[in-house]
Amino acid sequence: MQTKLTLRLEDQLIEQAKSYAAQAGKSVSQIVAEYFKLITTQNIKTNTPSTPITQSLRGLLRESKLDEKDYKKYLEGKHL
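Throughout this description, residue numbers start from 1 for each chain and increase along the sequence as written. Since the coordinates come from a predicted model, pLDDT governs what is reported: local features require at least 70, and pairs of side-chain atoms require 80 or more to be given and counted, while whole-chain, interface and lining totals use all residues. For the side-chain quantities, the full set of heavy atoms in the structure was used; hydrogens and water were omitted.

1. Thoughts on the overall build of the protein
The way it works is that DSSP assigns letters per residue, a run of H or I at least four long becomes a helix, a run of E at least two long becomes a strand, and they are numbered from the N terminus. On a plain count of helices and strands, the protein comes out with 4 helices and 0 strands. Going from the N terminus to the C terminus, the protein shows its helices and strands as α-α-α-α. Just to be clear, the radius of gyration here is over C-alpha atoms, and the globule rule we use is 2.2 Å times residues to the power 0.38. A compact globule built from 80 residues would reach a C-alpha radius of gyration of about 12 Å, whereas the protein, at 21 Å, exceeds it by more than 25%. With respect to the principal axes defined by its C-alpha atoms, the protein has extents near 50 × 35 × 25 Å. Counting over 80 residues, the protein shows a buried share of 2%. Areas reported as accessible are Shrake-Rupley estimates using a 1.4 Å probe. Residue values count occlusion only from the protein chains shown. Within the structure as shown, the protein displays about 8,200 Å² of accessible surface, and the carbon and sulfur contribution to it stands at 56%. Buried residues are those whose accessible area, probed at 1.4 Å on protein chains only, stays under 20% of the maximum for their type, while exposed residues exceed 50% and partly exposed ones sit between those limits.

2. Let's talk about a nonpolar patch on the surface
Together, Leu 5, Leu 7, Leu 9, Leu 13, Tyr 35, Phe 36 and Leu 38 make up a nonpolar patch on the protein surface, roughly 680 Å² of accessible area in all. Top element by residues in the nonpolar patch is helix α2 (residues 28-46). It accounts for 3 residues. Residue position: Leu 7 is located in the segment before α1 (11-24). A residue is classified by how much of its surface remains accessible, and Leu 7, at 46% relative accessible area, is partly exposed. Only residues above 30% relative accessible area that lack a salt bridge enter a patch, with like-charged residues linked at up to 9 Å and the nonpolar side chains Val, Leu, Ile, Met, Phe, Trp and Tyr linked at up to 5 Å. One speaks of a salt bridge when a side-chain nitrogen belonging to Lys or Arg is within 4 Å of a carboxyl oxygen belonging to Asp or Glu.

3. Comments concerning helix α4 (residues 68-79)
A helix is expected to reach a length of 1.5 Å times the quantity of its residues less one. With 12 residues, α4 ought to run about 16 Å at 1.5 Å a step, and its terminal C-alpha atoms sit 16 Å apart, in line with that. Sparse coverage of α4 is indicated by the burial of 0 of its 12 residues. N or O atoms within 3.5 Å of each other form a polar contact, as long as, within protein, one can give a hydrogen and the other can take it, and as long as residues adjacent in sequence are counted only when both atoms are side-chain atoms. For α4, the side-chain oxygen to backbone nitrogen distance between the N-cap and Lys 69 is 3.2 Å, and the N-cap itself is Asp 67.

4. A short note on the pattern of salt bridges
In total, this model carries 2 salt bridges according to the counting rule given. With a closest N to O distance of 2.9 Å, Glu 34 and Lys 26 form a salt bridge. Residue class for Lys 26 comes out partly exposed when judged on its relative accessible area of 34%. The salt bridge involving Glu 68 is made with Lys 72; its shortest N-O contact spans 3.4 Å.

5. Re the packing of aromatic side chains
For any pair of aromatic rings, geometry is given as the distance between the ring centres together with the angle between the planes. Side-chain rings of Phe, Tyr and Trp, where Trp is taken by its six-membered ring, are said to pair if the distance between their centres is within 6.5 Å; with planes under 30 degrees apart they count as stacked, over 60 as edge-to-face, and otherwise as tilted. Tallied over the entire structure, the rule returns 1 aromatic pair. Ring geometry for Tyr 35 against Phe 36: centres 6.3 Å apart, planes inclined by 50 degrees, an arrangement best described as tilted.

6. A closer look at the environment of Leu 5
If you trace the backbone, Leu 5 turns up in the segment before α1. Here the alpha-carbon distance between Leu 5 and Ser 29, two residues 24 residues apart in the chain, equals 9.2 Å.

7. Thoughts on the confidence of the model for the protein
pLDDT expresses, on a scale from 0 to 100, how confident the predictor is about each individual residue. On average, residues of the protein score 87 in pLDDT, and 94% of them reach the 70 mark or higher. Here α2 is the element of the protein with the lowest mean pLDDT, 83, and α1 is the one with the highest, 94.

Have a look at this one:
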């Protein structure tokens, strides 16, 4: 069963959504429905419990001084 939903959004955002939907060949309603399905599916996946090994590693590097640059440097050295 489909039910009507009213959203209050800025005019500019509505126009952008309509433009995006037209380029995708869909209606704004279809875009919104797909988005809702996506976020509800992702919530289910992210709420699944981690394995014990993953849980033990979580936060392990939080106190380290490593950052994204260090990781990129490591990858360059490894693959180049």
